[in-house]
Amino acid sequence: MAPAAPRACRSTPYLAGLSGYCFGPADWDIDAFGGSIITDWYALPSRPDERIKLSVFVLDRELRSDAVRVIVYVQKRQDGLFVDAGIDTELSDRLEELILTRARELRATVENGAE
C-alpha cells in the first residue's frame with residue numbers, strides 16, 4: 001500500500017499516482033510538495049534481464065492529459081551489468097492514461113459522496 005500524501009499535495013492526479021500505478025519495490029522517493037514520485041529500479045520476474053524505473057510528475061491539479069508526466073527508464077543486462085537502454089515511451093503513455101483514469105474515478109467517488 002502506498003503511503004498517504006501529506007496535506008500539501010492532495011491533488012487527485014497525485015493521489016491516483018500513489019494509489020497503485022507505481023508498482024515494484026516500496027522504496028520510492030516521494031515529494032508531496034512538488035508532486036513527484038520516483039521508484040527504485042524494478043525487474044519483473046518474467047524479465048530478469050531488464051529493469052525499469054518510473055518517474056511520475058503531477059504538473060497540474062486539473063485532470064487534463066498534460067497534467068501528468070510519466071517517464072519509464074529502461075536498463076538491460078549486458079555482460080552481467082545493467083546498462084541504460086533508453087526510455088519506454090509506449091509504457092510511459094499507458095501509465096499516464098492509467099493515472100488520469102484513476103484520478104477521474106477518485107474524483108467521481110468524492111463528488112458522489114462515497115468513500
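Right above here is the structure, for reference.
Position numbers for residues count from 1 along each chain, tracking the sequence in the order it is written. Residues qualify for local features only when their pLDDT is at least 70, as the model is predicted, and side-chain atom pairs are given and counted only at 80 or more; totals for whole chains, interfaces and linings, by contrast, use all residues. The side-chain numbers reported here are obtained from all heavy atoms of the structure, hydrogens and water having been left aside.

Before going further, it helps to spend a moment on the side chain of Glu96. The helix count covers DSSP runs of H or I at least four residues long, the strand count covers runs of E at least two residues long, and both are numbered beginning at the N terminus. When you line up the elements, Glu96 lands in helix α2 (residues 89-111). Here Glu96 is in contact with Val68, Arg69 and Val70, once residues within four sequence places are set aside. Contacts: residue pairs with any heavy atoms within 4.5 Å of one another.

What follows is about unusual backbone geometry. Of note, Asp79 is a non-glycine position whose phi angle comes to about 55°, a positive value. In this structure, Asp79 sits in the loop between β4 (68-78) and β5 (81-87).

Within the fold, Ala32 resides in the loop between β1 (29-31) and β2 (36-38). The exposure class of Ala32 is buried, given its relative accessible area of 5%. Only protein chains enter the accessibility calculation, which uses a 1.4 Å probe; a residue whose area is less than 20% of its type maximum is buried, one above 50% is exposed, and one in between is partly exposed.

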